[in-house]
Amino acid sequence: DQVANQIAAGEVVERPASVVKELLENSIDAGATRIRVEVEGGGRKLIRIVDNGHGMVKDDALLAFERHATSKLRTSDDLLSIATLGFRGEALPSIASVARVHLQTRAIEDEAGTEIEIAGGNILRVEDAGMPTGTTIAIRDLFFNTPARRKFLKTEQTELAHIAALVTHYALAHPSKHFELHSATQALLIAPAVANAGERLFQIFGKDTAMYMLPTTAEMDFARAGLPEPPPWKREADYEAPDPGYIRITGFVSKPELQKLNRNSIYVFVNHRLIRDRLVTHALIEAYRNIIPPTSFPVVLLFLEMPPQEVDVNVHPAKTEVRFRQPSFVHDFIRDTVRTTLMNARP
Ligand code: ADP
Ligand code: MG
């Protein structure tokens, strides 16, 4: 139902960058190793994502625009152990209800691909298409049928900056994948696959920033910390997780010399999902207490990995908020790990 889809769109699709986030996560979920993003007009005119993931067969491609038709939840138990990034089956129908969508996709097992055109939620065209395995999805004229929403969009430069920051974050979180971001006039990011997060940091931020970053890493066992043992959990294909029951921190934190004036330099990923969380930010600021001035923020690239049952990513549809099952434990573990790294690096 289009009304329900447009209401969901109000939650999921705040701005062009939210569309890019949903599409990127779908490409990553599909196992893509090359992801190319093209935008025009700050994403209002066009957002196109080309991936080399496993694609969809025709029936699945049509189903993808039905509400809650996710291929990623098989039982309701899965809701508790979501290791893939997307999980609600709302993104594509929501986006399709407020934009013009052109999808081209081909699954490995299919001889021909499928091409689907949708505008404002109505399917206009379905055809076979010759193409390599993977998915290309183009979103045009975002909010063309919801003028009130369109008014809230900021300038082209602002929307493009949000998209560029987002693609950069995902590129940082997935160093083994090739990422590109292009606007109509320039290549904003070209990041070929590299071996690890350190190399990606260097590749994206350059050596001036990279030389001020300290690698940090720690692992802790929930049981040994005197906490209730988490329930058993599944290891998903393609998901590099710590051993069951462990929480792991890896990443890079800035030396005290490198500071920023706002928290936009703090990038945190939980199980490869970009999050923005007050508890985590607070833990990081605590770690730098009396090391950098209280008016500035560190530069941080942090990856938390933990059993999916330990973290609820289902708090808000925009999916950047999370709820930890054991918040104070996670908070203190982050604070102490980062603090130790900083202290050990002191001359
Ligand atoms: P969700 O990701 O929560 O399952 P979406 O609305 O984002 O819901 O996508 C619906 C479904 O469409 C997905 O479950 C997946 O099966 C399929 N899909 C979407 N994008 C891609 C893609 N790039 N490659 C392969 N399959 C995709
Ligand atoms: Mg999705």
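About the criteria used
- Residues numbered from 1 in each chain as written.
- Chains lettered and ligands numbered in written order.
- Predicted model: local features only at pLDDT ≥ 70, side-chain atom pairs only at ≥ 80, totals over all residues.
- Helix = DSSP H or I, 4+ residues; strand = E, 2+ residues; numbered from the N terminus.
- Buried ≥ 20, exposed ≤ 12 C-beta atoms within 10 Å, placed from the backbone.
- Contact = placed C-beta atoms within 7 Å.
- Pairing = 2+ DSSP bridges.
- pLDDT = per-residue confidence, 0-100.
- Axes fitted to C-alpha atoms, helices over the stretch in contact; angles between N-to-C directions.
- Left-handed = near helix turned anticlockwise from the far one by under 90°.
- Core = buried A, V, L, I, M, F, W, Y, C linked by C-beta atoms within 7 Å.
- Domains from an automatic or database assignment.

(A) Local environment of the overall build of the protein chain. Counting secondary structure elements, the protein chain contains nine helices and 17 strands. Across the 347 residues of the protein chain, 39% fall into the buried class. For the protein chain, the share of sequence-separated contacts (at least 6 apart) that also reach a separation of at least 24 residues comes to 69%.

(B) Fine view of the pairing of strand β15 (residues 300–305). Of all the six residues making up β15, six are buried; the element is thus mostly covered by neighbouring parts of the structure. Burial along β15 is two-sided: the face carrying Val300, Leu302 and Leu304 and the face carrying Leu301, Phe303 and Glu305 are both buried. Of the pairings in the sheet, the one linking strand β12 (residues 266–270) to β15 comprises five bridges and is parallel in character. The residue bridging Val268 from the neighbouring strand is Leu302, located in β15.

(C) Spotlight on the environment of Phe333. Locating Phe333 in the fold gives a position in helix α9 (residues 327–344). Look at Phe333 and you get buried, because 21 C-beta atoms sit within 10 Å. The spacing of Phe333 and Arg248 is 85 residues in sequence and 9.5 Å in space, taken between C-alpha atoms. Aside from chain neighbours lying at most four places away, what touches Phe333 is Met220 and Ile247.

(D) Structural context of the pairing of strand β5 (residues 122–129). Sparse coverage of β5 is indicated by the burial of zero of its eight residues. Where strand β4 (residues 113–119) lies against β5, seven bridges are found, and the strand directions are antiparallel. In the strand pairing of β5, Thr114 is matched with Asp128. Between β4 and the antiparallel strand that follows it, β5, lie two residues; Gly120 among them carries a positive phi value of about 55 degrees.

(E) Molecular detail of the confidence of the model for the protein chain. A residue-level look at the protein chain finds 83% of positions with pLDDT of 70 or above and a mean pLDDT of 85. Predicted confidence is poor over residues 75–87, with pLDDT under 50, and the contacts of this stretch with residues over four places away or in other chains come to 31 contacts. Contacts from residues 231–239, a stretch scored under 50 in pLDDT, to residues over four places away or in other chains number 13 contacts. Overall fold confidence (pTM) sits at 0.83, and the ipTM for the predicted complex is 0.99.

(F) Structural detail: the sheet that holds strand β3 (residues 100–106). Judged by pairing direction, the sheet is mixed, and its eight strands sit side by side in the order β5-β4-β3-β6-β2-β1-β7-β8 without closing on themselves. Because the sheet does not close on itself, it has two edges, and the strands there are β5 and β8 (187–191). On average, each strand axis in the sheet is tilted by 10 degrees relative to the strand beside it, whichever way the strands run. Pairing of β3 with β4 involves six bridges; the strand directions are antiparallel. Note that in β4 the partner of Gln104 across the bridge is Glu115. Taken strand by strand, helix α6 (residues 156–173) contacts β1 (34–40), β7 (178–182) and β8, and its axis lies near 5 degrees from that of β8.

(G) Looking closely at the packing of helix α8 (residues 278–287) against α9. Closest axis-to-axis distance for the α8/α9 pair is 8 Å, and the angle between their directions is 30 degrees. In terms of crossing hand, the pair formed by α8 and α9 is right-handed. Contact residues: Leu279, Val280, His282, Ala283, Leu284, Glu286 and Ala287 in α8; Pro327, His331, Ile334, Arg335, Val338, Arg339 and Leu342 in α9.

(H) The nonpolar core, seen in detail. Among the nonpolar cores identified, the biggest contains 76 residues, and Val20, Ile95, Leu284 and Leu304 are the most heavily contacted of them. Residue assignment places this core across two domains, with domain 1 (2–191) and domain 2 (198–344) each supplying three or more. Leaving out residues up to four positions away in the same chain, Leu304 has contacts with Ile247, Ile249, Val268, Phe269 and Val270.

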